[in-house]
Amino acid sequence: MKNETVTIIGGGIGGLALAVSLAQSGIESEVYEGSDEARHRTTGAFLNLAPNGMRALDAIGVADAVTAAGSPSSGIEFLNAKGRTITHLHAGNEASEFGFRNTMIRRADLHGILLDAAHTHAVAIEWQRQLTTITETDLNVTTQFDDGSSRFAHTLIGADGVRSA
């Protein structure tokens, strides 16, 4: 993909990790996110990263920062709406088996680590840009945003979550 920029819709965990990975491979990308950077650095509860997630973060060079910001997790208990236990996932030996432990981290801390990595790799991030329309041709994709702007790209990746346009 010489001289092409990948357009990524969504500046959450997936979009930022992808942008960092592409940058490390020499591929430019632009990330368009509907919210603002401050919200990403301050909002969200905790999430548990399984060893395979930690390995993916290690591949883009941020696992040490995630480990430092997070806490080892000994397992997860899933409850139903009445507070009754549905099942447990016990962790313990995963580091020797998979190379990483389960890690509990605040979503905002993970976002911050990924944003810092994106900035380090000069990833362009456009904040408060809500996607409204996608138009495809045989040669490119045009994305239009709620502020009236548009972007032409050869490659478009949707990483904007479960309510993706």
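Cut-off values and rules
- Counting of residues starts from 1 at the beginning of each chain's written sequence and follows it residue by residue.
- For a predicted model such as this one, the threshold for reporting local features is a pLDDT of at least 70, and the threshold for listing and counting side-chain atom pairs is 80 or more; totals across whole chains, interfaces and linings nevertheless cover every residue.
- Heavy atoms throughout the structure, all of them, feed into the side-chain values; hydrogens and water do not.
- Nonpolar core, defined: a set of buried Ala, Val, Leu, Ile, Met, Phe, Trp, Tyr and Cys residues in which side-chain atoms within 4.5 Å join the residues together.
- The buried label applies to any residue whose accessible area, calculated with a 1.4 Å probe on protein chains only, is under 20% of its type's maximum; exposed applies above 50%, and partly exposed to all values in between.
- Secondary structure follows DSSP: runs of H or I at least 4 residues long count as helices, runs of E at least 2 residues long count as strands, and numbering of each begins at the N terminus.
- Any two residues whose heavy atoms approach within 4.5 Å at even a single point are treated as in contact.
- Whether two strands pair comes down to DSSP finding at least two bridges between them.
- In this analysis, axes come from line fits to C-alpha atoms, helices being fitted only over the stretch in contact, and the angle between any two N-to-C directions falls in the range 0 to 180 degrees.
- We define a salt bridge as a contact between a side-chain nitrogen of Lys or Arg and a carboxyl oxygen of Asp or Glu at a distance within 4 Å.
- The criterion for an aromatic pair is that two Phe, Tyr or Trp rings (for Trp, the six-membered ring) have centres within 6.5 Å, with stacked assigned to planes under 30 degrees apart, edge-to-face to planes over 60 apart and tilted to the rest.
- Two conditions define a charge located above a ring, namely a distance within 6 Å from the ring centre to NZ of Lys or CZ of Arg, and an angle within 35 degrees of the ring normal.
- Each cavity reported here is a set of points on a 1 Å grid over the protein atoms alone in which a 1.4 Å probe fits but cannot get out, each pocket an open set with protein on both sides within 12 Å along at least five of seven lines, and each lining residue one with an atom within 4 Å of a point.
- Grid points are joined across faces, edges and corners, and a volume is the space filled by probe spheres set on the points.

J.: Describe the nonpolar core, naming the residues involved and giving the relevant values.
T.: Leu-49, Leu-57, Val-62, Val-66, Leu-110, Leu-114 and Ile-125 are the most contacted members of the largest nonpolar core, which has 27 residues in total. Secondary structure elements with two or more residues in this core: strand 1 (5–9), helix 1 (13–24), strand 3 (46–49), helix 3 (51–59), helix 4 (63–69) and helix 6 (107–120). Examining the composition of this core, we find that 6 residues originate from one element, helix 6, more than from any other. The residues touching Val-62, leaving out its near neighbours within four places in the chain, are Leu-57, Ile-113, Leu-114 and Ala-117.

J.: Before we move on, could you go through the sheet that holds strand 3 and cite the residues and values that matter?
T.: The strands making up a sheet associate through backbone hydrogen bonding, with each pair oriented either parallel or antiparallel. The 3 strands lie next to each other as 3-7-4, forming an open sheet whose pairing is antiparallel. Two strands lie at the open edges of the sheet, namely strand 3 and strand 4 (71–72), each paired on one side alone. Summarising the sheet, strand 4 and strand 7 (residues 103–106) pair through 2 bridges and their orientation is antiparallel. Bridge pairing in strand 7 places Ser-71 opposite Met-104. Here helix 6 sits on the sheet and contacts strand 3 and strand 7; the angle it forms with strand 7, its principal contact strand, is near 85 degrees.

J.: Please set out the pattern of salt bridges residue by residue, giving values where relevant.
T.: Opposite charge on two side chains permits pairing when their charged atoms draw close. Applying the stated criterion across every chain yields a total of 6 salt bridges. Among the salt bridges present, the one from Arg-41 reaches Asp-116, with a minimum N-O distance of 2.8 Å. Of this pair, Arg-41 sits in helix 2 (residues 37–42) while Asp-116 sits in helix 6, and the two are 75 residues apart along the sequence. Residue class for Arg-41 comes out partly exposed when judged on its relative accessible area of 30%. One salt bridge connects Arg-106 with Asp-109, and the closest N-O pair in it is separated by 3.1 Å. Here the salt bridges share partners, and the residues they tie into one network are Glu-37, Arg-41 and Asp-116.

J.: Please set out the packing of aromatic side chains residue by residue, giving values where relevant.
T.: This model, assessed by the stated rule, comprises 1 aromatic pair. Seen from their ring centres, Tyr-32 and Phe-145 are 4.7 Å apart, and the 25 degrees between their planes marks the pair as stacked. Placement of the pair is Tyr-32 in strand 2 (residues 28–32) and Phe-145 in strand 10 (residues 141–145), with a sequence separation of 113 residues. Over the aromatic face of Phe-145 sits the side chain of Arg-129, whose NZ or CZ is 4.8 Å from the ring centroid.

J.: Quick rundown of the layout of surface pockets? Include the residues and the values.
T.: In this model, the largest pocket occupies a volume close to 580 Å³. Together, 25 residues line the largest pocket, and Glu-33, Arg-39, His-40, Asp-160 and Gly-161 are the ones closest to its centre. Counting residues per element, the ones that place at least two in the lining of the largest pocket are helix 2 and helix 6.

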